[in-house]
Amino acid sequence: MIALALDIGQTRIGIAVSDRTGSVAMPIKVMPTAEVVNLSRPFRQLVEDHEPDVLVCGRPQTMAGEDGPQARRVEQVARELAARLGLPLEFADERLSSREAKRILREQGLSERQMRGKVDMIAASLFLQAWLDARNGKEERG
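On a predicted model such as this, the values are computed, not experimentally measured, just so you know.

About the cut-offs
- Residues numbered from 1 in each chain as written.
- Predicted model: local features only at pLDDT ≥ 70, side-chain atom pairs only at ≥ 80, totals over all residues.
- Heavy atoms only, no water.
- Salt bridge = Lys/Arg side-chain N within 4 Å of Asp/Glu carboxyl O.
- Helix = DSSP H or I, 4+ residues; strand = E, 2+ residues; numbered from the N terminus.
- Phe/Tyr/Trp six-rings, centres within 6.5 Å; stacked < 30°, edge-to-face > 60°.
- Lys NZ or Arg CZ within 6 Å of the ring centre and 35° of its normal.
- Contact = heavy atoms within 4.5 Å.

(A) Looking closely at the pattern of salt bridges. All told, the structure shown has 7 salt bridges when counted by the stated rule. For E75, the salt bridge goes to R79, with nearest N and O atoms at 2.9 Å. Taken together, the residues span about one helical turn, with E75 and R79 both in helix α3 (residues 71-85) at a distance of 4 residues. Here R103 ties to E100 by a salt bridge, and the two come within 2.5 Å at their closest N and O atoms.

The following block contains the structure:
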């Protein structure tokens, strides 16, 4: 089971994918939101290359676990993409994924400017990994 994860932002979308066993998430790339939403050739090629079985999108929530201000927009974009790609849609809690992604990149010595293009795909891989672990019955490690 291959899962394709999207961290949907207004400007950029971070993309991650799982391995064939559905146990390891890997960051792939960041693409402009317009390219993904319009199913541009590069995005369609990426989908064809990975042949996902499910689309997993991050759901922006507050720390209290309620839908955040962007949740409705993200949910609408996700539903439209899943329908157009012919994939089942799942949502994953993306709370703190961007903060954790920045922490990881900072530890690797990247500046804020160098991080800009990478945070979203790392965040997508983090919430995808948590989703995979939950699906496979593994407890989150903290």
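(B) Region of the structure containing the packing of aromatic side chains. Overall, the coordinates contain 0 aromatic pairs when judged by the stated rule. Positioned above the aromatic ring of F91, the side-chain terminus of R59 is 4.2 Å from the ring centre.

(C) Expanded view of the environment of P88. By secondary structure assignment, the location of P88 is in the loop between α3 and β5 (89-93). Those residues in contact with P88, other than ones at most four positions away along the chain, are D53, V54 and L55.

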